[in-house]
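# Per-entry structural report
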Amino acid sequence: MNYFKKHMFDKYSLDRHFGKAPQEEPAQEENAAEINEDELFTFAEFDEKKSEVIAAPRYSYWKSVWKTFVSSKITIAVSILVIVVVAFAFIQPLISQFDPMKPKHPIEYEYHFLSPSWEHLFGTDGEGNEVFDVVWSGARNSLIVSLIATAIDMVIGIVIGAIWGFSKKMDKWMIEVYNVISNVPFLLLAMILAYVLRNKFDQFGEVGAFIPLIFTMTITEWVFVAYFIRTQVMIIRDREYNLASKCLGTSTWTMVTKNILPYLISVIMTYISRQVPALISYEVFLSYMGLGLDERHASLGRTISQYTSYMSGYPHLFWIPVLILALISISLYIVGQKLADAADPRTHR
Amino acid sequence: MSTTNNEREVILSVRHVDVAFDVGGKKKFKAVSDANFDIYRGETFALVGESGSGKTTLGRAVIRINPCSAGEIFFNGERISGKISRQQDRDVIRNIQMIFQDPAASLNERATIEYCISEGLYNFHLYKDNEERIAKVDKALEDVGLLPEHKSRYPHEFSGGQRQRVGIARAMIMEPQFIIADEPISALDVSIRAQVLNLMNKLKKEKNLTYLFIAHDLSVVRFIADRIAVIHLGKIVEIAESETLFKYPVHPYTVSLLSAVPMPDPIIEKQRESIVYTKEEDDPNASPREMREIRPGHFVYANDEDMVAFEERLKKLESYHAEQA
Ligand SMILES: Nc1ncnc2c1ncn2[C@@H]1O[C@H](COP(=O)(O)OP(=O)(O)OP(=O)(O)O)[C@@H](O)[C@H]1O
Ligand SMILES: [Mg+2]
């Protein structure tokens, strides 16, 4: 109560005490002396928590990905194109029932080499087949093979790459494995596998015919995916938030799935968007070389290779499958890239 | 503030620790050399030094992120450096937690705050059922002044100070005995530094914690540390109780650090211009230095010649302060 003591004996207090009128109005602060001390220190009501409230609407990663993705008209247009083309490749062959072993009009010459028209959309080829049917059956098989091969490559590559990126011990020998596998001459390997595996999986029916090709496309490809993921993991492995997780006892596997892979969605999407078209081209290339699907199955590659011989007389026969191939590859690539962009939270608003 | 009772219990003991990094080829860079000190239960021990002096490196050596290339670290009397069993490793994690230097980098941006804070609970199954886990998270959020509704938010929606408090909550929820706070406020705006410091002090009292508080600025540390170690280029040059260090700084580097902060102390203020400490001004064939106890509880990195000079300096300071009193 020092405060009061001091004020009790100054002139103003004494004056008051003895009932004299103060000579001058005391200043505002001095008036405060009259208020009792407790009141002096009661704070104005203030809700501290209010300043912590976040007003922004809830953020959801996948919702934002979707919003960003559909915010561009071009993206929507290309996506629709992809859906139509892919759906068409899967539905049209069911309707046409095209079978390369059963040419439609092998000897009726009047059906050969018809020009494109409303009746024969892409025209007909040297065996009287509708080019329309041939191309879409081929596209379907190319898509099936490349999508499955991409899925296998990515799954194996991501799992191995993620562990590889974390383990310094594994890195030492995996680098050697990578060097060896990535230097295997691909064409040689493809030839060997094509001859060794041909007809080995016939008991699995139609799927069996795809297995050798898918095998060829995955036996070495995964290592490139793994190497790519390994590098990405190494880049973010030692970031502070991962050290924090380590200090909380998080296992390596949980780190991979919760801390690392979510950051890699975007780059993985980019990789896939290049991988699918690349493997479609692979399929075409291998089939073109006679190392792909056998002759019982339609294939864009073999179709292109067959139609090359008509290049001088009926060039449209060659260009149509090539253009369809380009259309599928490019549109898939664009959609993949756009998805990758949308998956990058830096593009989110 | 400073506890000088005799039966102080050592919680962490760092014995002649070196931390070296590979820097290409066979070369090694010693980021910390011969660190040697004890931390007592219940105190705030500050480690102060300029940027790049090895503070983070040493803190991370304690929490086993950086392996020690020499020396040993003991926690509650048990060795926790080098190869230890899995169970011991888990004990270390439960009992020693870290608050990271950079709140912008130390939270997983792809996880919700709920996950960030629950992470340790998941790893050690520190809850009976999901309800209890959520209750614990809510409590932890409340302890650091955040709201339960923040659980479903993502780190990028928070300010630096809020993020740092999430970092504090995630360490506290483990109920550790010992916390390494790596410059917990240096990345924060000046206006919220005091808030986070007060919070840490409050939690320390409530939960009976011991802090290793890393800072690059003596002025911050003065009011929260019981004892201070000054580190320079990977070497600890002086350790003393906080008040002692401010009143009787003996090592020239400590003096230069103090001179970098405007001080109300006239003797330091007077010397201010004259002190620019460069480490290798001393001749290379000086006899090797080590930590020596110049006064009880006051250690300085010195050899015999240094000790003479330091003693003289200390005498001067003592007579000055005696005069003042
Ligand atoms: N992983 C590493 N590899 C090689 N050198 C490193 C590594 N980590 C740290 N260093 C080096 O060790 C020294 C000490 O770094 P440290 O991060 O401990 O400094 P600090 O005292 O925490 O500095 P700041 O105040 O800037 O955080 C620096 O010279 C740094 O370059
Ligand atoms: Mg640091």
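Starting afresh in each chain, residues are numbered from 1 along the sequence in its written order. Chain letters and ligand numbers both follow the written order, the letters beginning at A and the numbers at 1. Reporting in this predicted model follows two pLDDT cut-offs: at least 70 for local features of residues, and 80 or more for side-chain atom pairs to be given and counted; totals over whole chains, interfaces and linings ignore these cut-offs and use all residues. To get the side-chain values, all heavy atoms of the structure are used, and hydrogens and water are removed first.

### Structural notes on the sheet that holds strand β5 (residues 78-79) of chain B
All names here are of chain B. As summarised here, the arrangement of the four strands in space is β2-β1-β4-β5, forming an open sheet in which the pairing is antiparallel. The outermost strands of the open sheet, each flanked by one partner alone, are β2 (28-40) and β5. Note on pairing: DSSP must find at least two bridges between two strands before they are called paired. Counting from the N terminus, the helices are the DSSP runs of H or I reaching at least four residues and the strands are the DSSP runs of E reaching at least two. Bridge count between strand β1 (residues 10-22) and strand β4 (residues 70-75): five bridges; the pairing is antiparallel. Looking at β4, one finds that S13 is bridged to F74. Here, residues are in contact when the closest pair of their heavy atoms is within 4.5 Å. In this analysis an axis means a line fitted to C-alpha atoms, helices contributing only their contacting stretch, and an angle means the value between N-to-C directions, from 0 to 180 degrees. Strands β1, β2 and β4 of the sheet are contacted by helix α1 (residues 55-62), whose axis makes an angle of about 65° with β2.

### Concerning the pattern of salt bridges
Residue and element names in this part refer to chain B. Here, a salt bridge means any Lys or Arg side-chain nitrogen found within 4 Å of an Asp or Glu carboxyl oxygen. Scanning the entire structure with this criterion turns up 26 salt bridges over all chains. In this structure, K28 and D22 form a salt bridge, with 3.3 Å as the shortest nitrogen-oxygen distance. Only protein chains enter the calculation, and the probe is 1.4 Å; a residue is then buried if its accessible area is under 20% of its type maximum, exposed if over 50%, and partly exposed in between. Relative accessible area serves as the criterion here: at 57%, D22 is assigned to the exposed category. Between R295 and E311 there is a salt bridge whose closest N-O contact spans 3.0 Å. Pair noted here: R295 is in strand β11 (residues 290-295) and E311 is in helix α11 (residues 304-324), with a separation of 16 residues, a long-range link. One connected set of salt bridges, linked through shared partners, spans R295, E311, K315 and E318.

### Here we look at the site of ligand 1
All names here are of chain B. Proximity is defined per residue: any heavy atom of the residue falling within 4 Å of a molecule or strand makes that residue near it. Near ligand 1 lie 13 residues; those nearest to it are S51, G52, T56, T57 and E183. Under this definition, polar contacts are N or O atom pairs within 3.5 Å; protein pairs additionally need one hydrogen-donor-capable and one acceptor-capable atom, and for neighbouring residues in sequence, both atoms have to be side-chain atoms. A distance of 3.2 Å separates an oxygen atom of ligand 1 from a polar backbone atom of S53. Note that an oxygen atom of ligand 1 is positioned 2.5 Å from one of the side-chain N or O atoms of T56. Coverage of ligand 1 by the protein amounts to 63% of the 630 Å² it exposes when considered alone. Each accessible area is a Shrake-Rupley result for a 1.4 Å probe, and residues are judged covered by the shown protein chains and nothing else.

### So, the packing of helix α7 (residues 131-166) of chain A against helix α15 (residues 315-343) of chain A
All names here are of chain A. Closest axis-to-axis distance for the α7/α15 pair is 10 Å, and the angle between their directions is 35°. α15 is crossed by α7, and the crossing has right-handed handedness. Contacts between α7 and α15 involve V131, V135, W136, A139 and L143 on the former and, on the latter, L317, I320, P321, I324, I328 and L332. Residues that form the contact of α7 with α15 fall into these classes: 11 nonpolar, no polar and no charged. Left-handed describes a crossing whose near helix is turned anticlockwise from the far helix by less than a right angle; the clockwise case is right-handed. Nonpolar residues are Ala, Val, Leu, Ile, Met, Phe, Trp, Tyr, Cys and Pro. Charged residues are Asp, Glu, Lys and Arg, and all others, Gly as well, are polar.

### Description of the confidence of the model for chain B
Counting all residues, the mean pLDDT for chain B is 87, and 90% of those residues have values of 70 or more. ipTM for the predicted complex: 0.86, alongside a pTM of 0.78. What pLDDT expresses is the predictor's confidence in each residue, scored from 0 to 100.

### Describing empty space enclosed by the protein
Residue and element names in this part refer to chain A. A pocket, in this scheme, is an open set of points on a 1 Å grid over the protein atoms alone with protein on both sides within 12 Å along at least 5 of 7 lines, while a cavity is a set where a 1.4 Å probe fits but cannot get out; residues line either one if an atom lies within 4 Å of a point. Grid points are joined across faces, edges and corners, and a volume is the space filled by probe spheres set on the points. Summed over all chains, the structure comprises one cavity of 30 Å³ or more. Estimates place the volume of the largest cavity at around 130 Å³. What lines the largest cavity is a set of 15 residues, and nearest its centre among them are R198, A209, P212, G292 and D294. Sorting elements by how many residues they give to the lining of the largest cavity places helix α10 (residues 206-219) first, with five residues.

### Notes on the coordination of the magnesium ion (ligand 2)
All names here are of chain B. Protein coordination of the magnesium ion (ligand 2) is provided by T56 (OG1) and Q101 (OE1), with donor distances spanning 1.8 to 2.4 Å. You can see T56 sitting in helix α1 and its partner Q101 sitting in the loop between β6 (96-99) and α3 (113-124), a full 45 residues away along the chain. The class of Q101 is partly exposed, set by a relative accessible area of 26%. Distances define the donors: N, O and S atoms within 2.8 Å of the metal qualify, as do those within 3.2 Å of Na, K or Ca. Water is excluded, so some sites may look unfinished.

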